[in-house]
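# Observations on the model geometry
As a plain string of letters, each chain reads:
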Amino acid sequence: MESVHIPSEFESCIGKTDPHLTLAEHTQHVIEEAASLLEVGYSKKYRQMTGQDLGRLLISAALMHDAGKTANRWQDCADAGRLQEVGMRHEIASVLLARSQFGRYLWPEQEVAILAHHEKLSYRTAGRFRDAEEFEPVWKRLRRLENQAAGFEDALRKRHRFSTVRGLLSMADRRASQRESGRAPADVVPFSYEFPSEYDPKRKVQQTAEQLPKVAALRAETGSGKTDAALLWAKAQGANRVIFAMPTRFTATSLAEDVGGGLYHSAAKEKIDAARLQASDRFLLPVVVTTVDQVLLALTGRTEKQHMRFANLADSVVVMDEIDAYDDFIQGNIQVLSQALSTIEVPHLAMSATLPSSFVDDLLSAEVNLADATQGSDAFAVRSVREVGKEQTPVPDAVEEAERAIIYANTVDRAISYYRSLEREDKALYHSKFTRPDRSRIEDRILEMLSEGGSGGVAVMTQVGEMSLNVTCDVMVTDLCPIDRLAQRTGRMKRYANKDGTGEDSASEDGALYVMHPTDYPAPYGKYLRSEGRWQRSEALAKSANLIEEGQRLTKTDLKEMSEEVYADGVSLGPQARRNARRLREEEVQGNWLIQPSDGSDDTASGEWKSRNIQGRSTVIVGEPPLAVGWAEFRRLQLQRGVSVMTYKLDQAQEKTVSIGGDDRQVPWTDQYERETGLQL
């Protein structure tokens, strides 16, 4: 880093009161943190995209970011210990004083970065600009700048230009403040990867991945080594950072443990230390594993955090795993995501065990040929296909006798019924209606039982446990599901039996599959026709039902070919999915690229745009809530003891008037909960 001259006025000014630091000291710390962030990337991509020197922009912004604290009003209040009475935003004053007092011209990117570094650049805080005559011209400049974006792609390019400086300055200021208060932030280093020598020679999927282009699609069977393949692809792209976008929190947690990367989702704080959690939340670590919802949020600009994320997203490569596992609503969002990543030149790779070739052109923005590395000839035998009623959950003797077994149920009620039918003690139940601490405990229990070298037992799970989960079994029971979901579920069978990927054509080595077909209850793979009082199977489920027969011996290649047949027509977005994708493009990306909206939130299920089509759901608190709590405490209560349920089920819960931050609210709660089986509503 070149030597930076800090104005002599900063030496005699208070910069921070706790701990007590001069403005010169704090400014120097922020400059050093900014320089250390630049060492892991950003600059080359920024120059390619904008033609500008990121280092000069960022370091100069860091030098002036707190210049407004030299104002007499701020210094007097700081000296008297009454900063709450200062009545001015020092960020705005910094922009004005940089030129008038310190002779520094600020580029628009620097102005925006300084104004935003305390997360106050929002329509919610517009009054702070308008209430002071000298500040109003700054707000007018921002509004003119915001209106200059000409469409989706231009908004994204401008977002990259501004959010990179903005996000890095904010992160540098945060990291400096952490060190000043005695809390070390997570180390930041560029991505690096060496293929494990014990896995040599590389499998077909890994050899294929190394040759893939910047935007690519890869299909290979479960357990084939796709994760190492993705890391090899990332290395070939010269990645500074890799972001894995996963379908669920469970799959994200499982993969993060495998790759040793950072983890972020709504329950990640139970799995990772605070410093790494914050760095993961900002997509700052060299490998970050998160859900696709969090990556989508980074496009929105709803909160300042999303600008920090966007800065790191733009300097990363993205791996979207199990990309075919979503409904049309999320697939519409993924289409927009791929378009956005291509616009800001972010390499991205879509992977799945059963990705139909018809999906590739529909989901990815570039013209991409699907690279098929399916190789394993490992097989399973369909021991039986049995029609059952909605409440019938028979457990075959083979499950009771197996060292390791998995039961997949299509609904929570059926999962609980299977679990209660099991006579053995070494069992675990996993579904969506557990509190977060209990979900975390059960996830660990399942991995202890069924991961490589595990103790053995039976796991009963719904769809939350069918993907990217490194567990294995010899015997499986599954409710009938679409063929691509069946491929994911059966990918947990004999997972570690044949690590070299060549397969063995031996019936004695086959896993055993038992299929239960609830003929009159296809949920969730169908819809209920109220006018006729019956369920209608989805087209994918109906086609799959005709392909699965008792006595079959199916390989992973067979399942791939069946998936091609079932999904020959590709992605078809319904009206809701199309409207939601349009909102992401026009309202979130184009509308929020510079100034945060007045109602900005990191909630992916609120507002006009949503990451998933989760309608009519509410949170029920397990156990009676207290009479009065603050908003932060209530949010923690929801995270620790809340369970999401369909709103129509609230009539089975109790209600209590709780004062939340001084406002009386009706809070639904229940004591119908067991740690072993979850919510009983």
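Refer to the structure printed above.
Residues numbered from 1 in each chain as written. Predicted model: local features only at pLDDT ≥ 70, side-chain atom pairs only at ≥ 80, totals over all residues. Heavy atoms only, no water.

### Observations concerning the side chain of Asn-592
Its place among the elements puts Asn-592 in the loop between helix H24 (575–590) and strand S19 (617–622). By relative accessible area, which is 9% here, Asn-592 ends up buried. Not counting the four nearest positions on each side in its chain, Asn-592 is found in contact with Thr-300, Gly-301, Arg-302, His-307, Glu-587 and Pro-597. (Helix = DSSP H or I, 4+ residues; strand = E, 2+ residues; numbered from the N terminus. Buried < 20%, exposed > 50% of the residue type's maximum accessible area, 1.4 Å probe, protein only. Contact = heavy atoms within 4.5 Å.)

### Some details on the sheet that holds S19
By definition, the strands of a sheet pair up through backbone hydrogen bonds, in either a parallel or an antiparallel sense. Pairing is mixed in the open sheet, where five strands are placed in the order S20-S22-S23-S19-S21. With partners counted over all chains shown, the strands left at the sheet margins are strand S20 (628–629) and strand S21 (642–646), one partner each. One ladder, built from seven bridges, connects strand S22 (residues 654–660) with strand S23 (residues 663–670); its direction is antiparallel. Residue pairing in the sheet places Glu-655 in a bridge with Pro-668 of S23. (Pairing = 2+ DSSP bridges.)

### Some words on the packing of helix H21 (residues 483–490) against helix H23 (residues 556–566)
It is the contact of H21 with H23, at a shortest axis distance of 8 Å, that shows an interaxial angle of 160°. Relative to H23, the element H21 is oriented roughly antiparallel. Regarding H21 and H23, the two cross each other, and that crossing is left-handed. For the pair formed by H21 and H23, the contact residues are Ile-483, Asp-484, Leu-486, Ala-487 and Thr-490 on the first element and Leu-559, Met-562, Ser-563 and Val-566 on the second. Residues belonging to the contact of H21 with H23 are distributed by class as follows: six nonpolar, two polar and one charged. (Axes fitted to C-alpha atoms, helices over the stretch in contact; angles between N-to-C directions. Parallel < 35°, antiparallel > 145°, perpendicular 65-115°, else oblique. Left-handed = near helix turned anticlockwise from the far one by under 90°. Nonpolar A, V, L, I, M, F, W, Y, C, P; charged D, E, K, R; others polar.)

### A few points about the nonpolar core
Ranked by internal contacts, the top residues of the largest apolar core, which has 179 residues, are Leu-142, Val-399, Ile-407 and Val-460. In terms of residue count, the dominant contributor to this core is helix H9 (residues 152–180) (10 residues). Ignoring anything within four residues of it in the chain, the contact list for Ile-407 reads Val-395, Val-399, Tyr-418, Leu-422, Val-458, Ala-459, Val-460, Met-461 and Val-477. Core analysis: the next-biggest nonpolar cluster, separate from the first, contains 35 residues, Val-205, Leu-255, Ile-272 and Leu-277 among them. (Core = buried A, V, L, I, M, F, W, Y, C linked by side-chain atoms within 4.5 Å.)

### Focus: the packing of aromatic side chains
Counting across every chain of the model gives nine aromatic pairs. Ring geometry for Tyr-123 against Trp-139: centres 5.6 Å apart, planes inclined by 90°, an arrangement best described as edge-to-face. Of this pair, Tyr-123 sits in the loop between helix H6 (108–116) and helix H7 (127–130) while Trp-139 sits in helix H8 (residues 136–146), and the two are 16 residues apart along the sequence. Of the residues examined, Tyr-123 reaches a relative accessible area of 29% and is grouped as partly exposed. Aromatic pair Tyr-521 and Trp-535: ring centres 5.5 Å apart, planes at 90°, arrangement edge-to-face. You can see Tyr-521 sitting in the loop between strand S15 (511–518) and strand S16 (526–529) and its partner Trp-535 sitting in strand S17 (residues 534–537), a full 14 residues away along the chain. Relative accessible area serves as the criterion here: at 14%, Tyr-521 is assigned to the buried category. Chaining the aromatic ring pairs together yields one cluster made of Tyr-521, Tyr-528 and Trp-535. (Phe/Tyr/Trp six-rings, centres within 6.5 Å; stacked < 30°, edge-to-face > 60°.)

### Things to note about the environment of Gly-81
Structurally, the position occupied by Gly-81 is in the loop between helix H4 (72–79) and helix H5 (90–100). Classification of Gly-81 by relative accessible area gives exposed; the value is 56%. A C-alpha to C-alpha distance of 51 Å links Gly-81 and Glu-674, two positions 593 residues apart in sequence.

### Here's the deal with the packing of H5 against H6
Taken N-terminus to C-terminus, the directions of H5 and H6 make an angle of 155°; their axes are 7 Å apart at the nearest point. The angle between H5 and H6 places the two elements in the roughly antiparallel class. By crossing handedness, the relation of H5 to H6 is classed as right-handed. Packed against H5, whose contacting residues are Glu-91, Ile-92, Ser-94 and Val-95, the element H6 presents Glu-111, Ile-114 and Leu-115 at the interface. Here the contact of H5 with H6 is built from residues that sort into four nonpolar, one polar and two charged.

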